[in-house]
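Observations on the three-dimensional arrangement
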Amino acid sequence: MKSEDGLLSRIADLELVLGRLDGDLELLRELATLYIVEYPNQVQDLLDAVSGGDADKIRRVAHKIKGTAWSFAAGPATDAARTLEETKDFTDGRDASELAGRLSQELGRLRLALEEFLART
Amino acid sequence: MAKCLSGVETAGPLLSIPSQLQGFGRLVAPSHRVMGYDTRPGSTGTSPIQVLLIEDNVIDARFLSADFQKRGESRFSLHITHRLDAGLQVLRTTPIDVILLDLFLEEIYGLDTLSAVRIAFPDTPVVVLTGLNDEALALQSLKHGAQDYLLKTSADSDRLFRAIYYAIERKQVELDKRSLEERSLQMQKLEALGTLAGGVAHNFNNMLMAIMGHSYLLTETSADEDIQKHAVAIKKAADRASALTRQLLMFSHRETGRLVPVNLNDILRDTEELIRSVAGQRSLLSFAYAQQPALIQADPIQIQHMIMSLVLNAREAIGPAGCITIRTEIPESRSVRLTVSDDGCGMSPETRRHIFEPFYTTRGLAVAAGLGLSAVYGIVKQHGGTIDVDSEIGKGSSFMVTIPTASIARAI
């Protein structure tokens, strides 16, 4: 795996993650698989929170997603989750939807990147 | 990184493990309680430290368990749950040494998570795991009783393992300190009670002497049979009251006898028959004597009284039948230990806290005066000794009296 791996390196720095895992490629594959399994749940939780209009729940879901995104050194997804988590006021419902939409998009990219990683390794 | 720890994954049958995690790592049901583990980092103690991870994020949990597997060797047994209620259930059924707690669970959030754990299991150390930008909350969690916190984003496995060891150690120090404080308070309370009881008993005894003297004179001088009968009844009641005040005086260390060098083994042997009669025929009584002479500087009468009270207490504890063991030991050259054990009903921690207080009895004051063990306490104190109690409900009790050896006692 090389850092210049196009799509992957822009979405998640898996080389960094691999370093954290002592170069254990099998473990990283396992974690990537786990994320792909977990991805629909995360997105669904996010959509539920936003459609329910519960600001506290939105922040909690965003917080959880942020942790996962950070684990895969997924900068854009981490940033999107952080922005959503740190938004103080969701009085304009559209803001929450927009931010959640952006996060959902980043999570989708992360999933694709991890699928690509699994296919290559 | 904290999300990725090494070691062994374990789970008891009641554990709620995210389905995605099942199949990862080795799942082993813990079968024994960890006792006396070596808390030094890098320790190779035989009993693994039981770690409970409460983390609802399956990926975070997997990162952590991976670190335990890779670097924890056999030092840890990791139990994983993703819900608080499942975690509490594990804590109820498994002797967990330390909890790694994510504060942001699905059903509960922030410091409420920590409070829920601390209320249910105040004596189990907690290391809080927090994500990005949660340091303020982490610091707050320390104020709310967590032993430590780890930022998932910055902690490596060494830091995590160190946090686990230190959390256990810190909690142990906290528990020891609390226990010492409780003990010290209890001793102060007993001393205050002793002073009060001793003062009352002393004055009361003087009055009893007058009552006894006058009732004696009446029995000697009056020819009236009715008066004689009443005088005898007064004297008998005064004798009983006098016996009670003597016990109170013993508790308050005011009943001073002559301290002489004696062999505790000899005192026991001399009173073996008497002890057997006190223990009752249905008790299985056994004696185990120290091989060397158990020399102490003591008032033999008071020591006999102490042994009798302890045996009487053991007999009450075993009920219709059971075993009582009396043992003398010389644990070190400076002291002699007498242990009276029974396999009776045992005591709750609450009862244990009060047993040496005068007039405290579990049988009701109509049945027992509640002075036997307080007198024992006073006698032990008067001999410069200490008394400790081990007890477990349904399993029995052991009273361990330690008295300085004769040469040490003379020097005190």
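Right, let's talk about the interface of chain A and chain B for a bit. Facing 26 residues of chain A, the contacting portion of chain B comprises 27 residues. For the pair chain A and chain B, the summed buried area comes to about 2300 Å², and 60% of that belongs to carbon and sulfur atoms. Connecting chain A to chain B are three salt bridges. Where chain A touches chain B, the interface holds seven residue pairs in polar contact (both at pLDDT 80 or more). Only helix H2 (14–20), helix H3 (25–52), helix H4 (55–71) and helix H5 (75–86) of chain A provide two or more residues apiece to the side of chain A that touches chain B. Among the elements that line the side of chain A that touches chain B, the one with the most residues is H4(A), at nine residues. A per-class count over the side of chain A that touches chain B returns nine nonpolar, six polar and eleven charged.

Together, B:Leu196, B:Val200, B:Phe204 and B:Met207 make up an exposed nonpolar region whose accessible area comes to about 410 Å². Among the structural elements, B:Leu196 can be located in helix H5 (residues 157–221).

Residue and element names in this part refer to chain B. Relative to each other, helix H8 (residues 272–279) and helix H9 (residues 300–318) sit at 30 degrees, their axes nearing to 9 Å. Put simply, H8 runs roughly parallel to H9. Considering only the axes of H8 and H9, their crossing is right-handed. Of the residues in H9, those touching H8 at Leu-274, Ile-275, Val-278 and Ala-279 are Ile-307, Met-308, Val-311, Leu-312 and Arg-315. Here the residues of the contact of H8 with H9 sort into eight nonpolar, no polar and one charged.

Residues and elements named next belong to chain B. When the pLDDT values of chain B are averaged, the result is 80; 83% of them are 70 or greater. Counting contacts from residues 1–45, a segment whose pLDDT is below 50, to residues more than four positions away or on other chains yields 154 contacts. The complex model carries a pTM of 0.61, and its ipTM stands at 0.82.

Further remarks concern the side chain of A:Arg20. Residue and element names in this part refer to chain A. Following the sequence through the fold, Arg-20 ends up in helix H2. For the buried Arg-20, which has no salt bridge, the nearest side chain bearing the opposite charge is Asp-13, at an N-O separation of 7.8 Å. At 3.3 Å, the side chain of Arg-20 and the backbone oxygen of Trp-70 are in polar contact.

A few words on the pattern of salt bridges. Once their charged atoms are close, side chains differing in charge can pair, the charge on each being opposite to the other. Per the counting criterion, the structure on display carries 22 salt bridges over all chains. A:Glu116 is the salt-bridge partner of A:Arg120, the closest N and O atoms lying 2.7 Å from each other. Of the two residues, A:Arg120 and A:Glu116 both sit in helix H6 (residues 93–120), four residues apart, roughly one turn of that helix. Between B:Arg170 and B:Asp148 there is a salt bridge, and its shortest N-O distance comes to 3.4 Å. Taken together, the residues span a long stretch of sequence, with B:Arg170 in helix H5 and B:Asp148 in strand S6 (residues 148–151) at a distance of 22 residues.

With that out of the way, let us pick up the sheet that holds strand S13 (residues 396–404) of chain B. Residues and elements named next belong to chain B. In space, the five strands of this open sheet follow the order S8-S10-S11-S13-S12, with mixed pairing throughout. Both outer strands of the open sheet, strand S8 (283–288) and strand S12 (386–392), are each paired with one neighbouring strand and no more. Taken pair by pair, the neighbouring strands of this sheet meet at an average axis angle of 15 degrees, ignoring direction. As paired strands, S12 and S13 are joined by seven bridges and run antiparallel to one another.

Bringing the environment of B:Val336 into the picture now. All names here are of chain B. Counting through the fold element by element, Val-336 comes out in strand S11 (residues 335–342). Along the chain, Val-336 and Gly-385 lie 49 residues apart, while their C-alpha atoms are 9.4 Å from each other. Once residues lying within four places of it in the same chain are set aside, the contact partners of Val-336 are Leu-264, Ala-294, Leu-295, Ile-296, Glu-329, Ile-330, Pro-331, Val-401, Thr-402, Ile-403 and Thr-405.

Turning our eyes to something else, we now look at H5(A). Residues and elements named next belong to chain A. With twelve residues, H5 should cover 16 Å at 1.5 Å per step; its first-to-last C-alpha distance of 16 Å lies within 8% of that length. Buried within H5 we find Ala-77, Thr-78, Ala-80, Ala-81, Leu-84 and Glu-85. On an axial view of H5, the arc spanned by its buried residues comes to 165 degrees, and they lie on one face.

Basis of the calculations
Residues numbered from 1 in each chain as written. Chains lettered and ligands numbered in written order. Predicted model: local features only at pLDDT ≥ 70, side-chain atom pairs only at ≥ 80, totals over all residues. Heavy atoms only, no water. Contact = heavy atoms within 4.5 Å. Buried area = accessible area lost by both parts, 1.4 Å probe. Salt bridge = Lys/Arg side-chain N within 4 Å of Asp/Glu carboxyl O. Polar contact = N/O pair within 3.5 Å; in protein donor to acceptor, adjacent residues only side chain to side chain. Helix = DSSP H or I, 4+ residues; strand = E, 2+ residues; numbered from the N terminus. Nonpolar A, V, L, I, M, F, W, Y, C, P; charged D, E, K, R; others polar. Patch = residues over 30% accessible without salt bridge, like charges linked within 9 Å, V, L, I, M, F, W, Y side chains within 5 Å. Areas by Shrake-Rupley, 256 points an atom, 1.4 Å probe, with all protein chains shown as cover. Axes fitted to C-alpha atoms, helices over the stretch in contact; angles between N-to-C directions. Parallel < 35°, antiparallel > 145°, perpendicular 65-115°, else oblique. Left-handed = near helix turned anticlockwise from the far one by under 90°. pLDDT = per-residue confidence, 0-100. Buried < 20%, exposed > 50% of the residue type's maximum accessible area, 1.4 Å probe, protein only. Lys, Arg positive; Asp, Glu negative; His and termini not counted. Pairing = 2+ DSSP bridges. Expected span 1.5 Å × (residues − 1). Arc of directions from axis to C-beta.

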